[in-house]
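Structure assessment
One letter stands for each residue in the lines below.
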Amino acid sequence: MRLTTAQALVRFLANQYSERDGVEQRLVPGVWGIFGHGNVAGIGQALLQAARTGEADLPYYLARNEQGQVHAATAFAKMRNRLQVFACTASTGPGSTNMITGAALATTNRLPVLLLPSDMFATRAPDPVLQQLEDTRGGDVTVNDAFRPVSKYFDRITRPEQLIPAALAAMRVLTDPVETGAVTLCLPQDVQAEAYDWPEDFFRRRVWRVGRPVPEAPALERVVQLLRSAKNPLIVAGGGVVYSEAEHELRAFAEATGIPVADTHAGKGAVPWDHPCAVGGLGSTGTSAANTLAAEADVVLGIGTRYSDFTTASHTVFANPRVTFVNLNVARLDAAKHSAEMLLADAKLGIIALHEALAGWQVDEAYRARTRMLADGWNRTAEACFSLGHGPLPAQTEILGALNKALDDRDVVINAAGSMPGDLQMLWRARDPKAYHVEYAYSCMGYEVAAGVGAKMAAPDREVVVLVGDGSYLMMAQEIVTMVAEGLKVIIVLVQNHGFASIGALSESLGSQRFGTSYRYRGDSGLLEGDVLPVDLAANAASLGATVLRVSTVDEFTDAIALAKANLTTTVVHVETDLHGPNPPGSAWWDVPVSEVSELESTRKAHETYAATKQAQRHYL
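Each chain carries its own residue numbering, running from 1 in the direction its sequence is written. This being a predicted model, a pLDDT of at least 70 is required before a residue's local features are given, and a value of 80 or more before pairs of side-chain atoms are given or counted; all residues contribute to the totals for chains, interfaces and linings. In computing side-chain properties, one takes all heavy atoms of the structure into account and sets aside hydrogens as well as water.

Secondary structure follows DSSP: runs of H or I at least 4 residues long count as helices, runs of E at least 2 residues long count as strands, and numbering of each begins at the N terminus. Of the regular secondary structure elements, the protein chain holds 24 helices and 23 strands. A compact globule built from 621 residues would reach a C-alpha radius of gyration of about 25 Å, and the protein chain, at 25 Å, matches this within 12%. Structurally, the protein chain occupies a C-alpha span of about 70 × 70 × 55 Å along its principal axes. Partly exposed describes any residue whose relative accessible area lies between the buried limit of under 20% and the exposed limit of over 50%, with all areas from a 1.4 Å probe on protein chains only and scaled to the type maximum. Per-residue burial over the protein chain gives 58% buried out of 621 residues. By definition, residues are in contact when any of their heavy atoms lie within 4.5 Å. Once local pairs closer than 6 in sequence are excluded, the contacts in the protein chain between residues at least 24 apart make up 76%. The accessible surface values rely on the Shrake-Rupley method and a 1.4 Å probe; as for residues, cover is taken only from the protein chains in view. Element-wise, carbon and sulfur atoms account for 53% of the exposed surface of the protein chain, whose accessible area totals about 24100 Å². In this charge count, Lys and Arg are treated as positive and Asp and Glu as negative; neither His nor the chain ends contribute. Taken as the charge location is NZ of Lys, CZ of Arg, CG of Asp or CD of Glu. Positive and negative side-chain charges of the protein chain, numbering 53 and 68 respectively, have mean locations separated by a distance of 4 Å. It is over C-alpha atoms that the radius of gyration is taken, and the globule rule equals 2.2 Å times the number of residues to the power 0.38.

Lines are fitted to the C-alpha atoms to define the axes, a helix being fitted only along its stretch in contact, and any angle between axes, read from their N-to-C directions, falls within 0 to 180 degrees. Between helix α3 (residues 66–79) and helix α18 (residues 447–458), the least distance of the axes is 7 Å, while the angle of their chain directions is 45 degrees. Regarding the angle of α3 to α18, the classification is oblique. In this structure, α3 crosses over α18, and the sense of that crossing is right-handed. Of the residues in α18, those in contact with Gly68, His71, Ala72, Ala75, Phe76 and Met79 of α3 are Tyr447, Ala450, Ala451, Val453, Gly454, Ala455, Met457 and Ala458. When its residues are assigned to classes, the contact of α3 with α18 shows 11 nonpolar, 3 polar and no charged. The cut-offs work like this: below 35 degrees is roughly parallel, past 145 is roughly antiparallel, 65 to 115 is roughly perpendicular, and the gaps in between are oblique. What makes a crossing left-handed is the near helix being turned counterclockwise from the far one by less than a right angle; a clockwise turn instead makes it right-handed. Each residue is assigned to one class: nonpolar for Ala, Val, Leu, Ile, Met, Phe, Trp, Tyr, Cys and Pro, charged for Asp, Glu, Lys and Arg, and polar for all the others, Gly among them.

Turning next to the sheet that holds strand β13 (residues 261–263). Across the sheet, which stays open at both edges, the 6 strands sit in the order β14-β13-β12-β15-β16-β17 with parallel pairing between neighbours. Of all strands in the sheet, those with a lone pairing partner are β14 (278–281) and β17 (341–344), marking the two edges. On average, each strand axis in the sheet is tilted by 20 degrees relative to the strand beside it, whichever way the strands run. Bridge count for strand β12 (residues 233–237) against strand β15 (residues 299–303) is 5 bridges, and the pairing is parallel. Bridge assignment links valine 236 to a residue of β15, and that residue is glycine 302. We treat two strands as partners when DSSP finds at least two bridges between them.

This paragraph deals with the sheet that holds strand β6 (residues 87–90). The strands that make up a sheet are held in pairs by hydrogen bonds between backbone atoms, and each pair lies either parallel or antiparallel. Spatially, the 6 strands line up as an open sheet ordered β5-β4-β6-β7-β9-β8, and their pairing is parallel. Taken across any chain shown, the strands that pair with only one partner, and hence form the sheet edges, are β5 (60–62) and β8 (153–156). Recorded for the sheet is a direction-independent mean angle of 20 degrees between the axes of neighbouring strands. Examined bridge by bridge, strand β4 (residues 31–33) and β5 share 3 bridges and lie parallel to one another.

Time to look at α18. Within an α-helix, residues lying three or four positions from one another point in the same direction, as the helix has 3.6 residues per turn. Between its terminal C-alpha atoms α18 stretches 16 Å, which fits the 16 Å expected from 12 residues at 1.5 Å a residue. Considered for burial, the residues of α18 that qualify are Tyr447, Glu448, Val449, Ala450, Ala451, Gly452, Val453, Gly454, Ala455, Lys456, Met457 and Ala458. Each residue after the first adds 1.5 Å to the expected span of a helix.

Turning to helix α14 (residues 347–357), its buried residues are Ala347, Lys348, Gly350, Ile351, Ala353 and Leu354. Packed against the buried residues of α14 are α8 (217–228), α9 (239–243), α10 (247–257), β15, β16 (324–329) and β17.

Turning our eyes to something else, we now look at the packing of aromatic side chains. Within a pair of aromatic rings, the relevant descriptors are the distance that separates the centres and the angle that separates the planes. In this analysis, rings of Phe, Tyr and Trp, with Trp reduced to its six-membered ring, are considered paired at centre separations within 6.5 Å, and the interplanar angle assigns stacked below 30 degrees, edge-to-face beyond 60, and tilted for intermediate values. In this structure the tally under the stated criterion is 17 aromatic pairs. With a centroid separation of 5.2 Å and an interplanar angle of 90 degrees, the aromatic rings of phenylalanine 318 and phenylalanine 325 are classed as edge-to-face. We note that phenylalanine 318, like phenylalanine 325, is buried. Through a chain of ring-to-ring contacts, three or more aromatic side chains come together here, namely Phe12, Tyr196, Trp198, Phe202 and Phe203. Over a ring means this: the NZ of a Lys or the CZ of an Arg is within 6 Å of the ring centre and within 35 degrees of the ring normal. Sitting above the plane of the phenylalanine 203 ring, arginine 11 keeps its charged end 5.9 Å from the centroid.

Put into structure tokens, the structure is as follows:
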């Protein structure tokens, strides 16, 4: 079958399927892209031909920023539990390198996305071409080599026939829960348009089975012995619980054993916030309930978590000197962390096996009662944060509380960076594992609006609410245009506080006096501490095609959310909040080093605090 490399790739992708638990679905439902000279006559022509002739069902979606399209694709994969994957095409040079941040986010979060950056001429006939990097170290180096460290699989197709093994390898990695992340196939622009006689079997319908590894019997026995010996066990529920669709099994296991469940950002909602065993977020921005239990825990059962420094509070939250870890994970990398007893298995099957093996065992009733007492105490704290009556501008926590109460259990809230992830981990009350969509492995400013596109495409039957601060909005808001073009109804809550609230507060605590964290004119001092800039982000959102509602009080905000839910088009609710909080009370630490020597008294005092706090940090050996 004689086709160009690009035509062959489009036909191949349209015939890939994934399967888990007997359910088959298209693996690659479409392609995001922005065309330039590097891909318009290659991938662009192939997608056009497929659409016009019907030879391959692979819809094309136009993004407004190449990084944004990767974020949209990643959010889609997250909502679909990594069983479906979008491809993203970009032109040579800046078009392709714009995708690198998105690739890093996807790989850090263990989420699959297929990247198709265009590359320089394989023949080098017109060398150097427009946008080509000339490297004195070798003629085969291009800017796309920057994808290598942020991709789980990387290949450059310099001959058409190389696509066959490369495409198959790409599908293998995309559908592997252990290895998944960004997969990058670089496509030189001349090779995209080059013809080749392809074997027809390359285009046959392929089903990639996503299996569920079962726990090994001896490993299960060792883990069960440790859990039976525990007096104060704690479960840490991570994203692996959600991707495995093991939320029901986890709830049943927790109910039967009485082990309290703390969650990471990726695991929130796996156990409803008001479940008798739920104690909320863990770590640097965790609840006092979860962190108190973590400090006392003698056995920690981590399920599907990668134990980021926020989860461990930079290796301080698990304070029991005799704490032992048991890690249930499909990835050996994560299962081995903290010198744990490893249980390599799918989260769902692993939990079922533990439940059966621990039949009849449970924690003491006093420990159950302590769990509820701590959780109830934190819930009262959260209610107080929701109803501060702060003025003249409302506190961010009041806006989050009003939004939480206004949304239904299945409505999706999206966030990624700034002060909101911390507030959300402590305060958000999730009942559904897909209702809480906070990207915090890479905590990428600019993710939120683009992610709203992907999440809504993945779950059109859910209300999708993007929570974004002015900092992230200014990074990347242009995918609002994509929402409008595609007829996607998304609610965007734009929180304007004229600066970086999170880093500002961190800067102050570290003795750096909020330097460079406010959006201000340059003042007489020469620093950015003059009057507030006359930025109107609501007007900007309206110019991009969104309906905009401006509010200034919590009551007005509640009414606006009701209107936004009733609207059929993308609606932005703009609200100003107090840059300085107040914030929810913290109960853990995060390791950000402070200058050891300084001419500033504020920095010297901060270093004294830092040095004292760091004494509690430890390796779990």
